[in-house]
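Here is how the chains run, residue by residue.
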Amino acid sequence: MPGDRLKNVRPRPRVLVVGFAGHQGKEYLPVVQENAELVGGVDPAPAASSLAEKWGFPHYDALGEALEKVEFDVAVVTVPHSDHFPVCVKLLAHGRHVIKEKPFAVTEQEARQLVSLAQRADRSVFTLLQRNFHPAFQFAQENLARIGQPYWFSYDYHLNLAHPTTGWRALREQAMGGVLLDMGYHLIDVLCGMFPEPPRVHSAFVHQYQEMRDRRLEDLVSLMCGYSSTGLTGSLRISRHSHEKIEHLCVLGTEGALNVDAGVATLHAVGGLLLERHTWEGAKIDAVRSMIAHHLEHLDDRYYRQNHLQRQLAAVRTIDGIYRERLRERNELADRCA
Ligand SMILES: NC(=O)c1ccc[n+]([C@@H]2O[C@H](COP(=O)([O-])OP(=O)(O)OC[C@H]3O[C@@H](n4cnc5c(N)ncnc54)[C@H](O)[C@@H]3O)[C@@H](O)[C@H]2O)c1
């Protein structure tokens, strides 16, 4: 009946954008507006108030003020890494859903605290990871079984930035990690969607710039992951200052190979016969669009929420484990040298 249909039309969620004047925040503004009501924005940056005026929503310098003055259902959070945890804790304490940039959290302890706060408040905390909404990665995920038992992967992700890192990413207290946490979070999440958590990870942290070495913010990381239960082994390399910008995932299995390269997914038989090629002509923003729309539609979906949180917990645990192991090795070395 038409009346029943009308009853089922859900109101558009009211969104507060936190960190909207930054690079990522600005990219999301039009996408959020397509799917929700933009009811306010928080950002202390000098350019924030004129940007809010242009978009037609009230601007606040601090989250506390917005929480007092504006009614909203969900916050989209795009702030530097050091601010993720305090901002999310405050939002959950006020009973708001959170859709946030990566990383879900920096340490396993903070990740566990967020999961428990989200469960207590019956709210969602969704991390924005666009590869999960990119058709090439979706093809890889859906066709993994066709390559038999995976025994090797290699995953490369490199940028070709010509200058040393600047801004908050160059400050240890705000970045809280180098390329592994920043770019690597995406890759670790992709792998967490395909394979179990790796029980053994060996890492090499490399620095192109002395100031990054001094601040213990790696410019390049190389990881070797071992999964003793299945015999799978895999390697990742992530960097900011390579000679070219590339992203390439290759998975070898007993019956074939899967590749995602420059957004194109291919499936090969052992020996190299091309079985299927999945290309996508869409723009990068289309994956972002479906990601934001999907999360906004699933805010009250407890099953989806639970799965999402468990996967983010695994990604954070993996990265935190690698950083803690590096710290342990540094401390051991320092003790030996003392
Ligand atoms: N998914 C991706 O591909 C991708 C790409 C770039 C950045 N990111 C992520 O987005 C987040 C932001 O990165 P960015 O490059 O946009 O940084 P940015 O510096 O460009 O923007 C951050 C914004 O947050 C504001 N801010 C700082 N503290 C705040 C607080 N407590 N409350 C409200 N606003 C605050 C700053 O004024 C700034 O406008 C990071 O988590 C980063 O990892 C993701």
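Note that this is a predicted model, so its numbers are computed, not measured. (Residues numbered from 1 in each chain as written. Predicted model: local features only at pLDDT ≥ 70, side-chain atom pairs only at ≥ 80, totals over all residues. Heavy atoms only, no water.)

### Re the overall build of the chain
What counts is decided by this rule: Numbering of helices and strands runs from the N terminus, with a helix taken as a DSSP run of H or I at least four residues long and a strand as a DSSP run of E at least two residues long. Here the globule rule reads 2.2 Å times residues to the power 0.38, and the radius of gyration is calculated from C-alpha atoms. For every residue, the accessible area (1.4 Å probe, protein chains only) is compared with the maximum for its type, and the residue is labelled buried under 20%, exposed over 50%, or partly exposed between those bounds. Contacts are assigned to residue pairs that have any heavy atoms within 4.5 Å of one another. Methods summary: accessible areas were calculated by the Shrake-Rupley approach with a probe of 1.4 Å, and residue burial reflects only the protein chains presented. In this charge count, Lys and Arg are treated as positive and Asp and Glu as negative; neither His nor the chain ends contribute. Charged side chains are reduced to one point each, which is NZ for Lys, CZ for Arg, CG for Asp and CD for Glu.
When you go through the chain residue by residue, the secondary structure sums to 13 helices and 14 strands. For a compact globule of 338 residues, the expected C-alpha radius of gyration is about 20 Å, and the chain comes in at 21 Å, within 12% of that figure. For the chain, the spread of C-alpha atoms along the principal axes amounts to about 65 × 60 × 40 Å. Taking all 338 residues of the chain together, the buried fraction comes to 49%. When contacts within the chain are restricted to residue pairs at least 6 apart in sequence, those whose partners lie at least 24 apart make up 70%. Accessible surface, the chain: about 16400 Å² in total, of which carbon and sulfur atoms supply 53%. The averaged location of the 41 negative side-chain charges in the chain is 2 Å from the averaged location of its 38 positive side-chain charges.

### Remarks on the packing of helix 6 (residues 108-121) against helix 13 (residues 302-337)
Put simply, the rule is: Axis lines are fitted through C-alpha atoms, for helices just across the contact stretch, and the angle between N-to-C directions can take any value from 0 to 180 degrees. The scheme is simple: roughly parallel for angles under 35 degrees, roughly antiparallel for over 145, roughly perpendicular for 65 to 115, oblique for anything else. The handedness criterion is simple: a crossing whose near helix is rotated anticlockwise from the far helix by less than a right angle is left-handed, and one whose near helix is rotated clockwise is right-handed.
Contact geometry of helix 6 with helix 13 gives a least axis separation of 8 Å together with a crossing angle of 165°. Overall, the two elements helix 6 and helix 13 adopt an arrangement that is roughly antiparallel. Read as a crossing pair, helix 6 and helix 13 show a hand that is left-handed. Here Glu108, Ala111, Arg112, Val115, Ala118 and Gln119 of helix 6 lie close against helix 13, whose contacting residues are Gln306, Leu309, Leu313, Val316, Arg317, Asp320 and Arg324.

### Concerning the UniProt feature "domain: GFO/IDH/MocA-like oxidoreductase" (unreviewed entry) in the chain
What counts, and what does not: UniProt positions are given in the numbering used here, feature names are shortened, and annotations may be inferred rather than shown by experiment.
Residues annotated by UniProt as "domain: GFO/IDH/MocA-like oxidoreductase" (unreviewed entry) correspond here to residues 146-258. Structurally, residues 146-258 comprises 21% helix and 44% strand, and the distance from its first C-alpha atom to its last is 9 Å.

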